[in-house]
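A closer look at the structure
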2 protein chains.
Amino acid sequence: MTAVKISIIGAGSASWSLTLIKDLCLTKGLWGSTVSLMDVNKERLDMVDNLARRYASEVKADLKFEKTMDRGETLTDANFVFNTALAGGHENYEIQRKVAEKHGYYRGIDSVDHNMVSDYHTIGGYNQLRLFLDVAREMEEICPDAWLIQTANPVFEGCTLLTRESKLKVVGLCHGHLGYKEVASVLGLDPRDVTFQAVGFNHCIWMTDFRCKGENVYTMIDDWIENKAEAFWRAWRPKYHEMDMSPAAVDMYKTFGMFPIGDTTRSGGWKYHVDLKTKKRWYGPFGGFDSEIGWGMYLNDLRKIMDRMFRVSNDPTTFVTKEFPPVKSGEQHVPIIDAIVNDKEGTFQVNIPNNGAIEGIPDDVVVEIPAIVNGRGIQAVRVGKLPRTLMLHVMLPRMLRMEWALEVFLTGDKNLLMDILLNDPRTRRPEQAEAVIEDILALPFNKSMADHYR
Amino acid sequence: MTAVKISIIGAGSASWSLTLIKDLCLTKGLWGSTVSLMDVNKERLDMVDNLARRYASEVKADLKFEKTMDRGETLTDANFVFNTALAGGHENYEIQRKVAEKHGYYRGIDSVDHNMVSDYHTIGGYNQLRLFLDVAREMEEICPDAWLIQTANPVFEGCTLLTRESKLKVVGLCHGHLGYKEVASVLGLDPRDVTFQAVGFNHCIWMTDFRCKGENVYTMIDDWIENKAEAFWRAWRPKYHEMDMSPAAVDMYKTFGMFPIGDTTRSGGWKYHVDLKTKKRWYGPFGGFDSEIGWGMYLNDLRKIMDRMFRVSNDPTTFVTKEFPPVKSGEQHVPIIDAIVNDKEGTFQVNIPNNGAIEGIPDDVVVEIPAIVNGRGIQAVRVGKLPRTLMLHVMLPRMLRMEWALEVFLTGDKNLLMDILLNDPRTRRPEQAEAVIEDILALPFNKSMADHYR
């Protein structure tokens, strides 16, 4: 039991704050530690702080809480820093998306590239990457030995940027790989019997191995596709985020030769995403996570969680643990700290520089791979070769788009911003791309982005 | 003076046959040699053979000529094999292009990818790549020690395929780099005073160095763009193939940071090619080489040359040298044989496997680079790094498309054919891509292509 200081930047976020706080409270190995909550929104910060203190007290967790709106303060003496913040929040991204749709960019300027997942940030992500880099620069000054656990998207672009531009210990974490549970359930397997290896880039990972009690799950998937998939899809009523056994996932498997998992199924090429009707065909009645329906439901869910958190926070008579039961989330974020701090070895799904783990990917590109984590830190499993088709049609094109995003972010070269959009399947004419760039840069919250791109 | 056997496959081609024959006749170092002319078109073969014999006799060149319609015969005892053949000829490509245009693929299914140059062959090039490989297989049987000088396009795809799939000595040759002369002329320089280094992939080469009597030509180009380009373009009346100082070339230079040369200026992204009006804006009144006007002029020029060759061939009273004066062409094709056979060292612009010449390009990808050629063979100049923007926005995307073309050609996987078209900026809906593929495969001359793609 070692006392450390854990900072959460963007602690007011609906998706992450409570999950992290619950898991911290339920991890005895970290008791005695200080959890520093930081957010730019005072109201949310106060609310989360209120919930955190009450939660800890209810489960008798020995944790100290601090709250601050000052980044420098939260970073002081920090050992671990979660960056969960989305610059400008979903509100700004929705505004940006609307501007882009006006110019024919269905689902926004960043729902593009090899896939059409909403959080690509290739063009419109300036503010977010700027925030990532600002946090890193401040950590280099204030807590250069701390771990930066990059939780907010884009994890692939962000972690590659951060590991190239700073000397900090950086790891990116996501939960998309947990989609294997959905595959297991649909196949009638107990997820606890299943082992797997998922490899690639964040939001672009592929099942290089998939077993259940020693049997090859791929054989079962093949059988399911052959004999049961059609009937399954006819009766299918998925939630918007349930896409692991969608027609899109199966089509990607057929095309690229490996099964995609988690957020990976959201991508796979614009042929699944060209309009709502197409999305519905591939992702079920809501058109999946990244349709106007699915994304609307997601934002609505976020609002509902937030409302509930405020409600509980405003009602001191409720038990927080009654509303948010004391069960570990299954996320890796807190266990990985426990593993490092207390030398509790475990295998985690991490985003770190490749350094030879996947053949044919440069060393300084961040990949998502399994790694052994313990007191020594994070040591990647060497994965080796991915199939050639997957490399040529998925991995390398995706990597190029990441490189374009970082290059244009670092150089501020507007010509290159234009060149990226010219590679967007929705760009019909060069003037359309010019116009959308101008309109995005003219948004009030993109002022520093507009100053940057010349 | 060493006697060798030089075979020309596709000797009836308008673009290459006479050029090669003239240069062979005018290269004394190769006298005593046998030139074997091979073509599947008897009429053209007889005509070229007639011209070749008369030409040699008029300039008193000591060369023996053979003609054959049998590939095995021309390859027997060959030391050098030129492959100049275009499977199915321009006629078939025009038919294929029309089918593609019906489906919204302006200028044809292969005028796509990073650029819109006509001879990309990514999808429709099956017959051509098949021919390349068939020739190579036969050479391995019949003349495994001969040099294969790949002259027909696609040189980039073809040479990468051949050097991976066979153990032959393969080199690809082109003449696009001679475009430096046009740049020099426009700048008012004597091309004989100019030195340069052009590096990249075939049809995608960039001036990494450009000097005139020790002065940097880039400085002069910058000055020309600043002060003279607008006036020049206003008065500009280029031939369809004169594009080296076009607005497109200058725009590519501004975007990617290096000056493109030769066929490279035909590419550079679809923003220059989206329709005829756009092509005219960037390439002058005819819309450049790859517009319906420019390409029509080119095919017409080929027909005119062919007619003239037949006319001279049918008139034994004409001096062939009067019609086709005995001046060396300036092409590298024959001099490179002279260099190898007679150890006459020279620097040539060749297409050979990278093997470390350009950083960041895999060893087994064919690059276009300068090389020292002499009795030892071909030894590449190690070029080093290209600028990052050029690598990310031009070289790597172009390389990926080459890899897609070879993979789909080798695997016959129709899904991947589809995936390539989904990356085409002109594909609006997946059904459009499916339909054009079916129609292309249904063409009578694509029967073996249709059998291959399943």
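Structure's up top.
Quick notes on the rules
Residues numbered from 1 in each chain as written. Chains lettered and ligands numbered in written order. Predicted model: local features only at pLDDT ≥ 70, side-chain atom pairs only at ≥ 80, totals over all residues. Heavy atoms only, no water. Axes fitted to C-alpha atoms, helices over the stretch in contact; angles between N-to-C directions. Helix = DSSP H or I, 4+ residues; strand = E, 2+ residues; numbered from the N terminus. Parallel < 35°, antiparallel > 145°, perpendicular 65-115°, else oblique. Left-handed = near helix turned anticlockwise from the far one by under 90°. Contact = heavy atoms within 4.5 Å. Nonpolar A, V, L, I, M, F, W, Y, C, P; charged D, E, K, R; others polar. Salt bridge = Lys/Arg side-chain N within 4 Å of Asp/Glu carboxyl O. Buried area = accessible area lost by both parts, 1.4 Å probe. Polar contact = N/O pair within 3.5 Å; in protein donor to acceptor, adjacent residues only side chain to side chain. Phe/Tyr/Trp six-rings, centres within 6.5 Å; stacked < 30°, edge-to-face > 60°. Buried < 20%, exposed > 50% of the residue type's maximum accessible area, 1.4 Å probe, protein only. Lys NZ or Arg CZ within 6 Å of the ring centre and 35° of its normal. Least-squares fit on C-alpha atoms with pLDDT ≥ 70 in both. Expected span 1.5 Å × (residues − 1). Pairing = 2+ DSSP bridges.

Moving on, we get to the packing of helix H16 (residues 414–422) of chain B against helix H17 (residues 430–441) of chain B. All names here are of chain B. Contact geometry of H16 with H17 gives a least axis separation of 10 Å together with a crossing angle of 125°. Taken together, the axis directions place H16 and H17 in an arrangement best described as oblique. Relative to H17, the crossing made by H16 is right-handed. Between H16 and H17, the contacting residues are Lys414, Leu417, Met418, Leu421 and Leu422 on the first element and Pro430, Ala433, Glu434, Val436, Ile437, Glu438 and Leu441 on the second. Class assignment for the residues of the contact of H16 with H17 results in nine nonpolar, no polar and three charged.

A complete count under the given rule lists 64 salt bridges over all chains for this structure. Between glutamate 94 of chain B and arginine 97 of chain B there is a salt bridge, with the nearest N and O atoms lying 2.4 Å from each other. One end of the pair, glutamate 94 of chain B, and the other, arginine 97 of chain B, are both in helix H4 (residues 89–102), three residues apart, so they sit about a helical turn from each other. Connected through shared salt-bridge partners, Arg164, Asp364 and Glu403 of chain A together with Arg388 of chain B make up one network.

Turning next to the interface of chain B and chain A. Listed per partner, the contact involves 29 residues of chain B and 29 residues of chain A. Counting the surface chain B buries against chain A, the share from its top three residues, Trp270, His393 and Arg428 of chain B, is 21%. For the pair chain B and chain A, the number of links is four salt bridges. For aspartate 275 of chain B, the salt bridge goes to arginine 429 of chain A, with nearest N and O atoms at 3.0 Å. Where chain B touches chain A, the interface holds 15 residue pairs in polar contact (both at pLDDT 80 or more). Mapped by element, the contributors of at least two residues to the side of chain B that touches chain A are helix H10 (247–256), helix H15 (388–411) and H16 of chain B. Broken down by element, the side of chain B that touches chain A gets its largest block of residues, ten residues, from H15 of chain B.

Residues and elements named next belong to chain A. Summed over the entire model, instances satisfying the criterion amount to 32 aromatic pairs over all chains. On the numbers, 6.4 Å between centres and 80° between planes, the contact of tyrosine 272 with tyrosine 283 is edge-to-face. With a gap of eleven residues between them, tyrosine 272 in the loop between helix H10 (247–256) and helix H11 (276–283) and tyrosine 283 in helix H11 connect regions that are remote in the sequence. Here the aromatic rings of tryptophan 295 and tyrosine 298 are separated by 4.8 Å at their centres, their planes lie at 50°, and the arrangement is tilted. Taken as a pair, tryptophan 295 and tyrosine 298 lie in helix H12 (residues 292–314) at a separation of three residues, close to a single helical turn. In this structure, tryptophan 295 and tyrosine 298 share a single accessibility class: buried. Ring pairing ties together the aromatic residues Trp224, Phe232, Trp233 and Trp236, which thus form one cluster. Cation over ring: arginine 266 sits above phenylalanine 289, and NZ or CZ is 4.3 Å from the ring centre.

Mapping chain B onto chain A leaves a residual RMSD of 0.0 Å; the transformation is a rotation of 180° accompanied by 0.0 Å of translation along its axis. The relationship between the two copies is best expressed as a two-fold rotation axis. Considering only C-alpha atoms, the residue of chain B closest to the rotation axis is proline 425 of chain B, which sits at 2.6 Å. Comparing interface residues between copies, 100% of those in chain B also sit at the interface in chain A, which points to an isologous, same-surface contact.

The next thing to look at is H12 of chain A. All names here are of chain A. The end-to-end C-alpha distance of H12, which contains 23 residues, comes to 32 Å, matching closely the 33 Å that a straight helix rising 1.5 Å per residue would cover. Among all positions in H12, only Gly294, Trp295, Tyr298, Leu299, Leu302, Met306, Met309, Phe310, Val312 and Ser313 are buried. Looking at the buried side of H12, the elements it contacts are helix H1 (17–25), helix H2 (42–58), helix H4 (89–102) and helix H13 (320–323). The N-cap of H12, judged by a side-chain oxygen 3.1 Å from the amide nitrogen of isoleucine 293 a few residues on, is serine 291.

Two strands pair when backbone bridges link them, and strand E5 (residues 147–150) of chain A and strand E6 (residues 169–172) of chain A are joined in this way by four bridges, in the parallel orientation. Directly across from leucine 148 of chain A, in E6 of chain A, lies its bridge partner valine 170 of chain A.

Let us look at unusual backbone geometry. All names here are of chain A. Cis geometry marks the peptide bond from asparagine 153 to proline 154, where omega comes out at -5°. Its place among the elements puts proline 154 in the loop between E5 and helix H6 (155–165). Of note, aspartate 77 is a non-glycine position whose phi angle comes to about 65°, a positive value. Within the secondary structure layout, aspartate 77 lies in the loop between helix H3 (71–75) and strand E4 (80–83). With a relative accessible area of 60%, aspartate 77 lands in the exposed category.

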